[in-house]
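Coordinate inspection notes
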Amino acid sequence: MADRMSKAEFIALIAMMFATIAFSIDSMLPALPEIGLELSPDEPNRAQLILTSFVLGMGIGTFFTGPLSDAFGRKPVIYGGAVVYILASAIAWASPSLELVLAARVAQGLGAAGPRVVAMAIVRDLYSGRQMARIVSIAMMIFTLFPAFAPLMGAGIIALTGWRGIFAAFVLFSTISILWMGFRLPESLAAENRRPFRLPLLIDAVRQMFAHPTVRLSIMVQTLCMGTLFTMLTMVQPVYDVIHGRGDSFPFWFAMVALLSGSASLLNAALVVRVGMRRMVTWSLGAQIVITLGMIALNSMTLSGNMSFGLFIAWQTAVFFMAGTTLGNLNAIAMEPMGHIAGMAASVIGAVATVLAAAIAAPVGLLFDGSLAPLSAGILIMCIIGFLLMLRMGHVEDRLPG
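The paragraphs below set out a description of the structure included in this document. (Residues numbered from 1 in each chain as written. Predicted model: local features only at pLDDT ≥ 70, side-chain atom pairs only at ≥ 80, totals over all residues. Heavy atoms only, no water.)

1. A few points about the overall build of the chain
Heads up, the rule is: Elements are defined by DSSP. Helices are runs of H or I of four residues or more, strands are runs of E of two residues or more, and each kind is numbered from the N terminus. Only C-alpha atoms enter the radius of gyration; for comparison, a globular chain is expected to reach 2.2 Å times N to the power 0.38, where N is the number of residues. When a residue's accessible area, from a 1.4 Å probe over protein chains only, is under 20% of the maximum for its type it is buried; when over 50% it is exposed; and in between it is partly exposed. We count Lys and Arg on the positive side and Asp and Glu on the negative side, and we leave His and both chain ends out. Charge positions come from single atoms, namely NZ of Lys, CZ of Arg, CG of Asp or CD of Glu.
For the chain, the count of helices and strands is 15 helices and 0 strands. Against the 2.2 N^0.38 benchmark of 21 Å for 402 residues, the chain shows a C-alpha radius of gyration of 20 Å, consistent with a compact globule. Each principal axis of the C-alpha distribution contributes one length, and for the chain these read about 60 × 50 × 40 Å. Classification of the 402 residues of the chain by burial places 56% in the buried group. Taking the 23 positively charged and 19 negatively charged side chains of the chain as two groups, their mean positions are separated by 12 Å.

2. Looking at the environment of Y79
Defined as follows: In what follows, residue pairs with any heavy atoms lying within 4.5 Å of each other are defined as contacts.
Along the chain, the position of Y79 falls in helix α4 (residues 74-94). A relative accessible area of 32% means that Y79 is categorised as partly exposed. If we skip the residues at most four places from it in the chain, Y79 touches I178, M181 and G182.

3. Concerning the nonpolar core
The criterion, for reference: Remark: nonpolar core denotes a set of buried residues (Ala, Val, Leu, Ile, Met, Phe, Trp, Tyr, Cys) joined through side-chain atoms within 4.5 Å.
Within the largest apolar cluster, 126 residues are counted, with the highest numbers of intra-cluster contacts made by F10, M28, I35, M209, Y240, F312 and L375. Look past the residues within four positions of F312 in its chain and what remains in contact with it is M232, V236, V239, Y240, H244, L372 and L375.

4. A word on the environment of S304
The condition that has to hold: Between N or O atoms, a polar contact is any pair within 3.5 Å; within protein, one atom must be a potential hydrogen donor and the other a potential acceptor, and residues adjacent in sequence are included only when both atoms are from side chains.
Among the secondary structure elements, S304 is positioned in the loop between α12 (277-299) and α13 (305-335). For the pair formed by S304 and L199, sequence separation is 105 residues and the distance between their alpha carbons is 60 Å. Engagement of the side chain of S304 in a polar contact is seen with the backbone nitrogen of M307, the distance being 3.2 Å.

5. Digging into the packing of helix α3 (residues 49-72) against helix α5 (residues 98-126)
The line we're drawing: For every element, the axis is a line fit to its C-alpha atoms; helices are fit only across the contacting stretch, and the angle between N-to-C directions ranges from 0 to 180 degrees. Throughout, a crossing is termed right-handed when the near helix is turned clockwise from the far one, and left-handed when it is turned anticlockwise from it by less than a right angle.
At their nearest, the axes of α3 and α5 sit 6 Å apart, and the two run at 35 degrees to each other. For the pair α3 and α5, the sense of crossing is right-handed.

6. Overview of the packing of aromatic side chains
Stated precisely, the cut-off is as follows: Two rings from Phe, Tyr or Trp (for Trp, the six-membered ring) form a pair when their centres sit within 6.5 Å of each other. Planes less than 30 degrees apart are called stacked, planes more than 60 degrees apart edge-to-face, and all others tilted. Charge over a ring is defined by NZ of Lys or CZ of Arg lying within 6 Å of the ring centre and within 35 degrees of the ring normal.
Tallied over the full model, the rule gives 14 aromatic pairs. Seen from their ring centres, F23 and F170 are 5.3 Å apart, and the 90 degrees between their planes marks the pair as edge-to-face. Here F170 lies in helix α7 (residues 165-184) and F23 lies in helix α1 (residues 7-26), a separation of 147 residues in the sequence. When the ring centre of F309 is taken as origin, the NZ or CZ atom of R246, which lies over that ring, is 4.0 Å away.

7. Focus: the environment of G276
Mapped onto the secondary structure, G276 falls in the loop between α11 (263-275) and α12. Residue classification places G276 among the buried positions, given a relative accessible area of 5%. Once the C-alpha coordinates of G276 and G66 are considered, the two residues, 210 residues apart in sequence, prove to be 27 Å apart. Discounting residues that sit within four places of it in the chain, G276 has contacts with R130 and L271.

In structure tokens, the structure reads:
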């Protein structure tokens, strides 16, 4: 890898692969009203299924992409996923009905699982320990930036081409990343290190993962941290529109939040080697508990519209900031003991955390009642549970043999 691709270029490529998921989900947010009116005029709210159908496909695909990459190599699986993703995007672009769009979005999710999951396995193939955490943290910065910038990008595409143009942008995005990888990144998993795709081996790999207490706890905390992010993303547009009457400027405020919160992963990359992954996650969750409690207390007072909106912007920034200081570390913590089954580990971690996080966020989002209460309570509860689990992880690691 070193003779063909610098570390900086490698990080940029991995970040682009990670960003496929965020771009595919969040750029659709500004398009939902138009899609609902055009394809489901009687029930425009059904357009929201465009988000959950993608996550469903991604969760299913995530279980298989890692084991396949362990058996056949990293690059062939990423190529296959990209082909599925591009074809599904083209079908969605041409779809005359919402049902066909939803089916295409499930297929999109299946395809997108390849780049994200296998990219993590590639990092584990080439790096380990805190250096791996540092690289993942920098790459995950894009994961936290894209959910913020993607609505603005989607709004721009809609203004130029209409909502169908977003699916054309998906095709272009995936094509660029795959060509980049194909020409610049050698295969990271040697043939002699591959594991045959056999069910007993896969079951044994899953058993190894869930038998390891640190890995098990890390997956649980990652689920909760992703749940806070998904919950915010699910409810943030109604908060801007219904509570604060700023729906038209929503993408621009999101971009500002991205600039403020994007520094989290850089801060984490600078500190994690000295502080350690577990402490960074624990401290981040503890800080978010304090911040959310403060937000709830201040929001209970009678504030002007501008002050109330500014408070929400600050809190939203803090939630995104927390994602940048937890998700990369939690991935690295879970992957570190699983180097011998990196592909399978990446699949199980991604699938379980993503699907359960979406399952948590969806019902919380449905509780939206024109106030911040469901959102703030949901995030507070998830952070408290995550914080307690991280304390538990510390006790477990202290008892593990040296």
